[in-house]
Amino acid sequence: MKVLIISPSEISYNPRLLKAADYLSSQGAEVTVFNTLIGLSSEEVYRNCIDSRPWKIIENDIRKKGIMPRLRWLVSGLVQKCSILFRTKFRNDWLFQHFLNKGFVLFPGSLKQAKYEYILIHLVDTLPLAVKLKRKTGARIIYDCQEYFQGQYM
């Protein structure tokens, strides 16, 4: 069984996803974690956490340490702001969908080309990426909506 876990920040600060990755891996699943580095965790804490794990890590570094991470941070911020503008002014998600389709600098090609049976997420922020990958791979999405309140997201 191949499982992709999408973490919106360092997995060392996502205990639910960390436990899920460890459990699934212990049960024989091939676990890949798509992990966005935003600077919540110190480098030492983060490395100690992931270096002891058997699963594969795909890092999306937007910590503003170097040219490519700064570019990813800048582009993701611009796309988010412009997408909000498009959505509110024109009631259209074209820019966000186009960005998700092309991948540009945020999503590595290896993430879009791999075949997963399950995609595990726990925040609504990662849902668009999970749905996009589901369409490409046919994977089932497991959405642990830990803090969802009725009417919270319309």
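Analysis parameters
Residues numbered from 1 in each chain as written. Predicted model: local features only at pLDDT ≥ 70, side-chain atom pairs only at ≥ 80, totals over all residues. Heavy atoms only, no water. Helix = DSSP H or I, 4+ residues; strand = E, 2+ residues; numbered from the N terminus. Buried < 20%, exposed > 50% of the residue type's maximum accessible area, 1.4 Å probe, protein only. Contact = heavy atoms within 4.5 Å. Areas by Shrake-Rupley, 256 points an atom, 1.4 Å probe, with all protein chains shown as cover. Salt bridge = Lys/Arg side-chain N within 4 Å of Asp/Glu carboxyl O. Core = buried A, V, L, I, M, F, W, Y, C linked by side-chain atoms within 4.5 Å. Pairing = 2+ DSSP bridges. Axes fitted to C-alpha atoms, helices over the stretch in contact; angles between N-to-C directions. pLDDT = per-residue confidence, 0-100. Expected span 1.5 Å × (residues − 1). Right-handed = clockwise from strand over helix to strand, strands pointing away.

Would you take a moment to explain the overall build of the protein chain for this structure?
Across its full length, the protein chain carries 6 helices and 5 strands. Ordered by position from the N terminus, the helices and strands of the protein chain form the series β-α-β-α-β-α-α-α-β-α-β. By the burial criterion, 38% of the 154 residues in the protein chain qualify as buried. Looking at the protein chain alone, contacts between residues at least 24 apart form 58% of all its contacts between residues at least 6 apart. In the structure as shown, the protein chain presents an accessible area of about 9400 Å², 56% of it carried by carbon and sulfur atoms.

So what exactly am I meant to see when it comes to the pattern of salt bridges here?
If the charged atoms of two oppositely charged side chains come close together, the side chains can form a pair. Scanning all chains against the criterion turns up 4 salt bridges. As a salt-bridge pair, Lys-2 and Glu-30 come within 3.9 Å of each other at their nearest N and O atoms. Highlighted residues: Lys-2 in strand S1 (residues 2-7) and Glu-30 in strand S2 (residues 30-37), separated in sequence by 28 residues. The salt bridge partner of Glu-59 is Arg-47, with a shortest N-O separation of 3.1 Å. Of this pair, Glu-59 sits in strand S3 (residues 56-61) while Arg-47 sits in helix H2 (residues 43-51), placing them 12 residues apart in sequence. A relative accessible area of 32% means that Glu-59 is categorised as partly exposed. Shared partners join several salt bridges into a network, and the residues in it are Glu-43, Arg-47 and Glu-59.

Got a minute to help me understand the nonpolar core in this structure?
When a protein is soluble and globular, its nonpolar side chains tend to lie buried together. Ile-5, Ile-11, Ala-21, Val-31, Val-33 and Trp-55 are the most contacted members of the largest nonpolar core, which has 17 residues in total. Only S1, helix H1 (15-26), S2 and H2 provide two or more residues apiece to this core. Here this core takes 5 residues from H1, the largest share from any one element. Look past the residues within four positions of Trp-55 in its chain and what remains in contact with it is Ile-11, Leu-18, Ala-21, Asp-22, Ser-25, Val-31, Val-33 and Ile-50. Residues Ile-58, Tyr-116, Ala-130 and Ala-139 belong to the second largest nonpolar core, which totals 11 residues.

Explain the sheet that holds strand S5 (residues 140-143) to me, please; I cannot follow it from the model alone.
Each strand in a sheet pairs with another by means of backbone hydrogen bonds, the pair being arranged parallel or else antiparallel. Strand order in the open sheet formed by 5 strands is S3-S2-S1-S4-S5, and the pairing between neighbours is parallel. Two strands bound the open sheet, and with one partner strand each, they are S3 and S5. Between one strand axis and the next, the sheet turns through 20° on average, direction left out of account. In this sheet, S5 lies alongside strand S4 (residues 118-121) in parallel orientation, the contact comprising 4 bridges.

In this structure, what is going on with the confidence of the model for the protein chain? I would like to understand it.
Interpretation of this model should avoid reading the predicted coordinates in detail wherever pLDDT is low. The predicted model of the protein chain has a mean per-residue pLDDT of 78, with 79% of residues at 70 or higher. In this model residues 100-105 is a low-confidence stretch, pLDDT under 50, and it forms 14 contacts with partners more than four residues away in sequence or in other chains.

Is there a simple way to think about helix H3 (residues 67-90) in this case?
Since there are 3.6 residues in each turn of an α-helix, residues three or four apart along the chain are aligned in direction. Here H3 spans 33 Å end to end across 24 residues, near enough to the 34 Å set by a 1.5 Å rise per residue. Of the positions making up H3, those classed as buried are Pro-69, Arg-72, Val-75, Val-79 and Ser-83.

I would appreciate a short explanation of the pairing of S1 in the present structure.
Side chains on a regular strand alternate between the two faces of the sheet. Most of S1 is tucked away: 5 of the 6 residues are buried. Where S1 lies against S2, 6 bridges are found, and the strand directions are parallel. Directly across from Lys-2, in S2, lies its bridge partner Glu-30. Running through H1, the crossover from S1 to the neighbouring parallel element S2 is right-handed. Here S1 pairs with S4 via 3 bridges, running parallel. Note that in S4 the partner of Ile-5 across the bridge is Leu-120.

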